[in-house]
Amino acid sequence: MKYNSLLLIGAPGSGKGTQGKILGTIPGFFHFSSGELFRSVSAQSPVGKTFLEYSSKGLLVPDEITIQLFCSYMEKVITEGRFRPKLDYLVLDGLPRNVSQWHILSEQVEVLYVYHLHCPDRSILEARLRGRASSDHRVDDTEEVIQKRFEVYEKETKPLLELFPAERLKEIDCTKMPYQVLRQILEPLP
Ligand code: ADP
């Protein structure tokens, strides 16, 4: 059966991770963060090495590796009973990241809503990422890499928004307070 999913789509710094984490604390919601999953893989393993190679340049990890990691992780959390496909919403944060990932994923994922966390002013996002770089020690939060990640978002991820019908797509201003963004995410759910 397909996973009932909520998609969080937004530029780096738009708060997908913040919302995903909050939602993941609510019973009935399971937060999947592709970035967090990649960062949890040992840097000495083949996947970990590939991840560092791409993410340190602001680039996406190749689709096959990404989807494979997602599938094995989902199998694991289903076996452990942490994600219950019949009962829980899967909150997807960072996946799909391009159109070809969506084509593969759509066989397994039923999208209820797509939340576009958009920002009227990129400098707000840049300031957030700079703040995060100093607190979280992320190798991909340097100035040059940040600019590349914005570029990749515009070119590869944003076109995803055109694939969903208007009634599934919710536009949310990501500069609002986290609780206000959260309210808008929950609002359309039955
Ligand atoms: P961001 O703050 O840019 O949203 P993430 O924590 O989601 O960062 O991801 C960090 C890095 O992990 C990305 O720059 C990319 O290299 C890799 N990554 C995460 N998700 C994907 C994905 N779905 N496909 C390919 N690469 C990914």
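What counts, and at which threshold
- Residues numbered from 1 in each chain as written.
- Predicted model: local features only at pLDDT ≥ 70, side-chain atom pairs only at ≥ 80, totals over all residues.
- Heavy atoms only, no water.
- Salt bridge = Lys/Arg side-chain N within 4 Å of Asp/Glu carboxyl O.
- Buried < 20%, exposed > 50% of the residue type's maximum accessible area, 1.4 Å probe, protein only.
- Helix = DSSP H or I, 4+ residues; strand = E, 2+ residues; numbered from the N terminus.
- Pairing = 2+ DSSP bridges.
- Axes fitted to C-alpha atoms, helices over the stretch in contact; angles between N-to-C directions.
- Contact = heavy atoms within 4.5 Å.

Asks: Can you break down the pattern of salt bridges residue by residue, with the values?
Replies: Across all of its chains, the model carries eight salt bridges by this definition. A salt bridge links Arg82 to Glu80; its shortest N-O distance comes to 2.8 Å. The partly exposed category is assigned to Arg82, whose relative accessible area is 42%. Its relative accessible area of 44% is what places Glu80 among the partly exposed residues. Among the ionic pairs, Glu143 bridges to Arg130, the shortest N-O distance being 2.6 Å. Residue Glu143 is found in helix α7 (residues 143-157), and its partner Arg130 is found in helix α6 (residues 122-136); the two are separated by 13 residues along the sequence. Since its relative accessible area comes to 41%, Glu143 is described here as partly exposed. Relative accessible area serves as the criterion here: at 39%, Arg130 is assigned to the partly exposed category. Residues joined in a network through salt bridges with shared partners are Lys76, Glu80 and Arg82.

Asks: Residue-level account of the sheet that holds strand β5 (residues 169-173), with values.
Replies: Spatial strand order, β2-β3-β1-β4-β5: five strands in an open sheet with parallel pairing. The strands lining the two open edges of the sheet, one partner per strand, are β2 (29-33) and β5. On average, each strand axis in the sheet is tilted by 25° relative to the strand beside it, whichever way the strands run. Sheet topology note: the strand β1 (residues 3-10)/strand β4 (residues 109-118) ladder contains eight bridges and is parallel. Following the sheet pairing, Leu6 is matched in β4 by Tyr113. Lying over the sheet, helix α1 (residues 16-24) contacts β1, β2, β3 (89-93) and β4, oriented at roughly 150° with respect to β2.

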